[in-house]
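# Secondary and tertiary structure notes
Residue-level listing of the chains:
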2 protein chains.
Amino acid sequence: MEPASLVHIVDDDGSLRAALDSLFRSVGLDSRQYASVQEFLSAERLDVPSCIVLDVRLPGMSGLDAQGHLKELGIHLPVVLMTGHGDIPMSVRGMKAGAEDFLTKPFRDQDMLDAVLAAIERHKAARHENAHLHDVATRYETLSPRERQVMALVAEGKMNKQIAWDLQLSEITVKIHRGAAMRKMDARSLAELVRMADALNVVPAARQA
Amino acid sequence: MEPASLVHIVDDDGSLRAALDSLFRSVGLDSRQYASVQEFLSAERLDVPSCIVLDVRLPGMSGLDAQGHLKELGIHLPVVLMTGHGDIPMSVRGMKAGAEDFLTKPFRDQDMLDAVLAAIERHKAARHENAHLHDVATRYETLSPRERQVMALVAEGKMNKQIAWDLQLSEITVKIHRGAAMRKMDARSLAELVRMADALNVVPAARQA
DNA sequence: AGCGCCCTCATACATTGGTATAGTCGGGCC
DNA sequence: GGCCCGACTATACCAATGTATGAGGGCGCT
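Everything quoted here is computed from the prediction, not taken from an experiment. (Residues numbered from 1 in each chain as written. Chains lettered and ligands numbered in written order. Predicted model: local features only at pLDDT ≥ 70, side-chain atom pairs only at ≥ 80, totals over all residues. Heavy atoms only, no water.)

### Overview of the environment of L41(A)
Residues and elements named next belong to chain A. Tracing the backbone through its elements, the reader meets L41 in helix α2 (residues 37-42). You can call L41 partly exposed: its relative accessible area is 22%. Along the sequence, L41 and L70 sit 29 residues apart, while their C-alpha atoms lie 8.8 Å from each other. In contact with L41, not counting residues within four places along its chain, are H69, L70, L73 and I75. (Helix = DSSP H or I, 4+ residues; strand = E, 2+ residues; numbered from the N terminus. Buried < 20%, exposed > 50% of the residue type's maximum accessible area, 1.4 Å probe, protein only. Contact = heavy atoms within 4.5 Å.)

### Re the pairing of strand β5 (residues 101-104) of chain B
Residue and element names in this part refer to chain B. Judged from the four bridges that link them, strand β4 (residues 79-83) and β5 form a sheet pairing that is parallel. Along β5, the bridge assignment pairs L81 with F102. Crossover handedness for the path β4 to helix α4 (residues 88-96) to β5: right-handed. (Pairing = 2+ DSSP bridges. Right-handed = clockwise from strand over helix to strand, strands pointing away.)

### Considerations on the interface of chain B and chain A
With 26 residues of chain B at the interface, the matching set in chain A holds 26 residues. Contact between chain B and chain A buries roughly 2,000 Å² in total, counting both sides, with carbon and sulfur atoms accounting for 61%. For the pair chain B and chain A, the number of links is four salt bridges. Salt-bridge contacts for K96(B) lead to D101(A); the nearest nitrogen and oxygen are separated by 2.6 Å. The interface formed by chain B and chain A holds seven residue pairs in polar contact (both at pLDDT 80 or more) in total. For the side of chain B that touches chain A, the elements supplying multiple residues, two or more each, are α4, β5, α6 (145-156) and α9 (190-199) of chain B. The greatest single-element share of the side of chain B that touches chain A, amounting to six residues, is contributed by α9(B). In the side of chain B that touches chain A, the residues fall into eleven nonpolar, six polar and nine charged. (Buried area = accessible area lost by both parts, 1.4 Å probe. Salt bridge = Lys/Arg side-chain N within 4 Å of Asp/Glu carboxyl O. Polar contact = N/O pair within 3.5 Å; in protein donor to acceptor, adjacent residues only side chain to side chain. Nonpolar A, V, L, I, M, F, W, Y, C, P; charged D, E, K, R; others polar.)

### As for the relation of the copies chain B and chain A
Superposing chain B onto chain A takes a rotation of 180° combined with a translation of 0.2 Å along the rotation axis, leaving an RMSD of 0.4 Å. The transformation relating the two chain copies, once decomposed into turn and shift, fits a two-fold axis. The C-alpha atom lying nearest the rotation axis in chain B is that of I88(B); the distance is 2.7 Å. Mapped onto chain A, 100% of the interface residues of chain B are again interface residues, and the two copies thus contact each other with one and the same surface. (Least-squares fit on C-alpha atoms with pLDDT ≥ 70 in both.)

### What to know about the protein's contact with DNA strand C
The full set close to DNA strand C counts 14 residues, and K161(A), S144(B), R146(B), S170(B) and H177(B) are the nearest of them. Protein-proximal atoms of DNA strand C, defined as those within 4 Å of the protein, fall in sugar or phosphate at a share of 65%. At a separation of 3.0 Å, a base nitrogen of DNA strand C approaches a polar side-chain atom of K175(A). Within the contact set of DNA strand C, a phosphate oxygen lies 2.9 Å away from a side-chain nitrogen or oxygen of H177(B). Of all elements in the fold, only α7 (160-167) and α8 (171-185) of chain A together with α6 and α8 (171-185) of chain B reach the threshold of two or more residues within the surface near DNA strand C. (Near = heavy atom within 4 Å.)

### Examining the environment of A197(B)
Residue and element names in this part refer to chain B. With respect to the helices, strands and loops of the structure, A197 is situated in helix α9. Along the chain, A197 and A19 lie 178 residues apart, while their C-alpha atoms are 47 Å from each other. Leave out the neighbours within four places in its chain, and A197 touches M151, A155, V202 and V203.

### A word on α6(B)
With twelve residues, α6(B) should reach 16 Å at 1.5 Å per residue; the first-to-last C-alpha distance of 17 Å fits that figure. If you check which residues of α6(B) are buried, you get E147(B), V150(B), M151(B), A152(B), L153(B), V154(B), A155(B) and E156(B). Among the structural elements, α9 (190-199) of chain A together with α5 (109-141), α7 (160-167), α8 and α9 of chain B are those in contact with the buried residues of α6(B). Where α6(B) ends, the next residue or the one after it, G157(B), has phi of about 100°, a positive value. (Expected span 1.5 Å × (residues − 1).)

### Thoughts on the pairing of strand β1 (residues 6-10) of chain A
All names here are of chain A. The buried fraction of β1 amounts to five of the five residues, a majority that puts the element mostly inside the structure. The alternating pattern of β1 places L6, H8 and V10 on one face and V7 and I9 on the opposite face, and all of these are buried. Sheet topology note: the β1/strand β2 (residues 30-34) ladder contains five bridges and is parallel. Looking at β2, one finds that V7 is bridged to S31.

Structure representation (C-alpha cells):
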C-alpha cells in the first residue's frame, strides 16, 4: 500500500497556510506547515510521496534561493512556487531551477491542486527510480575492488581473455570475479549486468561505443 | 569543422528583427528573419546548430502554440521566447513547454545573447546525441522481422535456448538471426547490442529487470 | 521460369563462458 | 599462532555461443 502523500507548505502567512492545509486535506493529501525555509529544513521529512509549496518572498531565505539550497542538500522534492508580487524574470528563474509550477496569488484552488498533484506524481516516479537504483548501488557496494574492475570491463563488452590481459590475470581468475559479480549483483543475465553498470555509471561513456 | 550556428528570428516587428539580426551577427552568429510562424515553417532549415527566437504574440499563430506545433512536426529546435506584453502564467506555460528562456521586451542585448548561446549549446548536444541514435536506427531498419524479434529477446537477457522455445524455432536458427543482428547492428559485443536495443527502446521496460 | 531474400534446420567444429574442486599467498583480527 | 577473507591459479568438465557448409521451402518480382 502506497503511503499517503504529503505537502510541505512553506509560507510566512499563517492564514494562507491554513487555507492551503484545508484545501489539501479536502482531497486526501496530508500536509505540514512551516513559516520559513529554516523551519522546514529542521523538521523531519517523512519518506513518502510529497512536494513543497514554497513562497518566493520569505524572511530569511527566499524561495528561489531555497531551490538551489535544497539541491545542494540532496533534497529532491518537487517544488511549486507561489508569490504575491512576482515578475516574469522571477518566474523564469524559478522554472529554470526546476520548479514544477509557479503560481501568482491569488490563485484558484484548482490550479494549486493541479500543480501539487502533478508534483507528487513526479515525485512518485522519481522515488520509484531511486528505490531501484538504491538497491543496485547497495549490492554494488558488496563487490570487492577486483570484482568491480572486472564488472566494469565486462560491461564494456570485453571478453574474459581480454580482461585477463588488461588486469594481468589468468582467465580463470577473471571468470571467478565475473561470476561473483553476477551473483552479488543478482544479475541473471549479462544484459542485466550491463544495465546495472550503466545505471551506476561504472563504465566511462567513451567506452560504451 | 563545426558549421556556423544559426538563429531563426520570428517576429512581426521588422525593426526588432533587424536589431536582433545585427546583434547576432556582431558575435558571429548567422541569422534568418521571418515575420510569422508560417513563414518560418515554409522556409528551408539548414542542418546546423541553431535555435529559434520567437515572439509570443504573433499574427496567425502565437509563439506558445507554435512550441507545441513544432514538437508535433518533429522540429526540436531550442526556443527562446520573448514578449512585450507578457504575464507570469504565460511565461510559466512557455517554460513548461520547454523554452530555453523567456525574455520581456525591452531586454538587454547581453541577456538575449546569453539565452541564444545557451540554446545553441543545447542544440549542439542534442544533435550529437541524435546523430548517434540515427546511425543506430538506420542500421536497425536493415534487420529482418525475425532478426528484430531475436535481438529484442537477446537484449532481455534470454539464452538462445529460451529464445528458440519462445519463438518456436530451433536453437541453430536463433544463432543465425542473432549473428546477423550483431553484424548488421555493427555490435562488437553483447554489451553494445544491449545498449543499442535500449537506445531504440526495443525492449519493454518491464522486461529489463 | 529464374532470381533474390527471408526463414528454416542440420552437422560439425571452435571458442567462449560458467562452475566445481583444490591449493597457495598475504593481510587483518582475536 | 590460529582464523577468516580476499585474491590468485590450476585442472577438469559442462554449457553456451559463434561460424562454416549445405540444403530445402516460400514469396515476390522481373
